[in-house]
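Each chain, written out:
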Amino acid sequence: MVDFDYLPKGLYAMARAHLVNPMSGHLGAGVVAGFFIAENQPNLDEYVCSGIEAELDRIIHGQSTFSPKRNAAVSVAEMFESFPKQPSQENLIDGIADALARNIDQTRQSGHNVIFAAIAIRALKHHPEFATPAITDGIRKLIAGFNGVTPGVAYYGKERGRIDGRNVALPEEDTCPPYTDLQTMATTVIDTLIQYASERRQGYGGLWHVINHAAALSELAQCGYEELAIMGLTAHHQHIRLWRTLPNVADELGPETPTKYDPRLSVYWQSGDLRRDRARLTHRIKTLYGFDTLVKLVNDKAKHEQGYENIRYLM
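Every value quoted in this text rests on a predicted model; they were computed, and no experiment measured them.

Engineer: Explanation requested: the side chain of Asn113 in the structure shown.
Structural biologist: Tracing the backbone shows Asn113 in helix 6 (residues 112-126). A distance of 2.9 Å separates the side chain of Asn113 from the side chain of Asn103, its partner in a polar contact.

Encoded structure:
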């Protein structure tokens, strides 16, 4: 199993992320997600757990692209320091959900508002001893930091370059019908992964965040915030439609290739061949956690395995 100490460390970093910038929430969220992988699968091979812990240690020691810069208000080491002891108040968790309700209506920075909030809410609901005023207030401020921000920026090839999602016109003919429920969303995301993972598309957080945004909505519902999760379906639908407007730029930037080994196997973590490009340090962990959450909504084992086969393109 993954050491329990990673859970509070991740929450501390999430609670201080607003002192840096909203995207530094990646650090704590990635560490908490790493703990969740093992919490979801208590019988994981010890080499998988030790491999995950090694990734979490890299995040804690400042190797993520989202780590604070030298002139930031707090250093990466300070982000992970424990808070002074306070009595917990479980009702304060609702404040994080309230903050999310104010910006869940549209895609915000590839769904990071929903991803970070859901990870924090699950952690605090399952381990309410950490629902202290300092931690919940800091995370609430992190989520509020996404108010009014862009859906993200994407690369549309050499001729068009990078474009803000607010300036992208979605096609009138919608090949991705609106979701009626969380199960439809999950099936759509897994089908998209199976169909397109081998293509090189750059922007809106990539398939990593299409997956994690959807998983976060699922997690919110499981934690008792089903109405809030349903409110977020429209924004996720916008997210996946934006991602589908991206061209395949493999001819320009090179093809996507799958990892040699399945990340559910110990050989993957022992191979010494983990990819470090494109912020995979945090994306790898959050997506392994997120995809495991998402497949629970789809009762199709063949589709599960196709999805796990294609997730190797993201690892």
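Engineer: Hey, could you run me through the packing of aromatic side chains in this one?
Structural biologist: Two aromatic rings are characterised by how far apart their centres lie and by the angle between their planes. What the rule picks out here adds up to 9 aromatic pairs. Where Phe35 meets Phe36, the ring centres are 6.4 Å apart and the plane angle is 50°; that geometry is what we call tilted. For the pair formed by Phe35 and Phe36, the shared burial category is buried. Relative to Tyr308, the ring of Phe291 lies with its centre 5.0 Å away and its plane at 85°, an arrangement referred to as edge-to-face. Here Phe291 is found in helix 14 (residues 280-295), whereas its partner Tyr308 is found in helix 15 (residues 301-311), with 17 residues between them in sequence. Put simply, the rings of Phe4, Phe35, Phe36, Phe130 and Tyr289 touch in pairs and so form one group of aromatic residues. Directly above the ring of Phe83 sits Arg16, whose terminal nitrogen or CZ lies 4.1 Å from the centroid. Sitting above the plane of the Tyr196 ring, Arg201 keeps its charged end 4.5 Å from the centroid.

Engineer: I tried to follow the nonpolar core on my own but got confused; where do I start?
Structural biologist: As a rule of thumb, nonpolar side chains are buried together in soluble globular proteins. Grouped together as the largest cluster of nonpolar side chains are 105 residues, with contacts concentrated most on Ile139 and Leu220. The greatest single-element share of this core, amounting to 10 residues, is contributed by helix 6.

Engineer: When you look at helix 9 (residues 206-222) in this model, what are you seeing that I'm missing?
Structural biologist: Residue pairs spaced three or four apart in an α-helix point in one direction, given the helix's 3.6 residues per turn. The terminal C-alpha atoms of helix 9 lie 25 Å apart, and with 17 residues this matches the ideal 24 Å at 1.5 Å per residue to within 8%. Counting buried positions over the 17 residues of helix 9 gives 16, a clear majority of the element. Looking one or two residues past helix 9, Gly224 carries a phi angle of roughly 100°, positive in sign.

Engineer: Would you explain the layout of surface pockets in this entry?
Structural biologist: Gaps between atoms show up when a probe of the same size as a water molecule is rolled over them. Here the largest pocket defines a volume of roughly 570 Å³. Lining the largest pocket are 31 residues, and of these Gly203, Tyr204, Gly205, Gly206 and Trp208 lie nearest its centre. Going through the elements one at a time, strand 1 (153-155), strand 3 (202-203) and helix 9 are the ones with two or more residues in the lining of the largest pocket. Counting residues per element, the lining of the largest pocket draws most heavily on helix 9, at 4 residues. Considered class by class, the residues forming the lining of the largest pocket number 13 nonpolar, 13 polar and 5 charged.

Engineer: How should I be thinking about the side chain of His236 in this particular structure?
Structural biologist: Take His236: it is sitting in helix 11 (residues 233-244). Residue His236 is classed as buried on the basis of its relative accessible area of 0%. With residues up to four places along the chain from it excluded, the contact list for His236 reads Tyr179, Met185, Val189, Val210, His213, Ala214 and Leu217.

Engineer: Explanation requested: the environment of Leu297 in the structure shown.
Structural biologist: Checked against the element boundaries, Leu297 lands in the loop between helix 14 and helix 15. Among the residues examined, Leu297 registers a relative accessible area of 19% and is labelled buried. In contact with Leu297, not counting residues within four places along its chain, are Leu182, Gln183, Ala186 and Ser218.

Engineer: Before we go on, may I ask you to explain empty space enclosed by the protein in this structure?
Structural biologist: Tallied over the full model, the rule gives 2 cavities of 30 Å³ or more. What lines the largest cavity is simply Ile37, Gln41, Leu44, Val48, Ile52, Pro263, Arg264, Trp269, Leu288, Asp292 and Tyr308. Broken down by secondary-structure element, the contributors of at least two residues to the lining of the largest cavity are helix 3 (46-60) and helix 14. Of the residues assigned to the lining of the largest cavity, the class counts are 8 nonpolar, 1 polar and 2 charged. Every residue lining the second largest cavity is listed: Ile115, Ala118, Ile119, Asn212, Ala215, Ala216, Glu219, Lys286, Tyr289 and Gly290. Breaking the lining of the second largest cavity down by element, the ones donating at least two residues are helix 6, helix 9 and helix 14. The dominant element in the lining of the second largest cavity, judged by the number of residues it contributes, is helix 9, at 4 residues.

Analysis parameters
Residues numbered from 1 in each chain as written. Predicted model: local features only at pLDDT ≥ 70, side-chain atom pairs only at ≥ 80, totals over all residues. Heavy atoms only, no water. Helix = DSSP H or I, 4+ residues; strand = E, 2+ residues; numbered from the N terminus. Polar contact = N/O pair within 3.5 Å; in protein donor to acceptor, adjacent residues only side chain to side chain. Phe/Tyr/Trp six-rings, centres within 6.5 Å; stacked < 30°, edge-to-face > 60°. Buried < 20%, exposed > 50% of the residue type's maximum accessible area, 1.4 Å probe, protein only. Lys NZ or Arg CZ within 6 Å of the ring centre and 35° of its normal. Core = buried A, V, L, I, M, F, W, Y, C linked by side-chain atoms within 4.5 Å. Expected span 1.5 Å × (residues − 1). 1 Å grid on protein atoms, 1.4 Å probe; cavity = no way out; pocket = protein on both sides within 12 Å on 5 of 7 lines; lining within 4 Å. Points joined across faces, edges and corners; volume = space filled by probe spheres on them. Nonpolar A, V, L, I, M, F, W, Y, C, P; charged D, E, K, R; others polar. Contact = heavy atoms within 4.5 Å.

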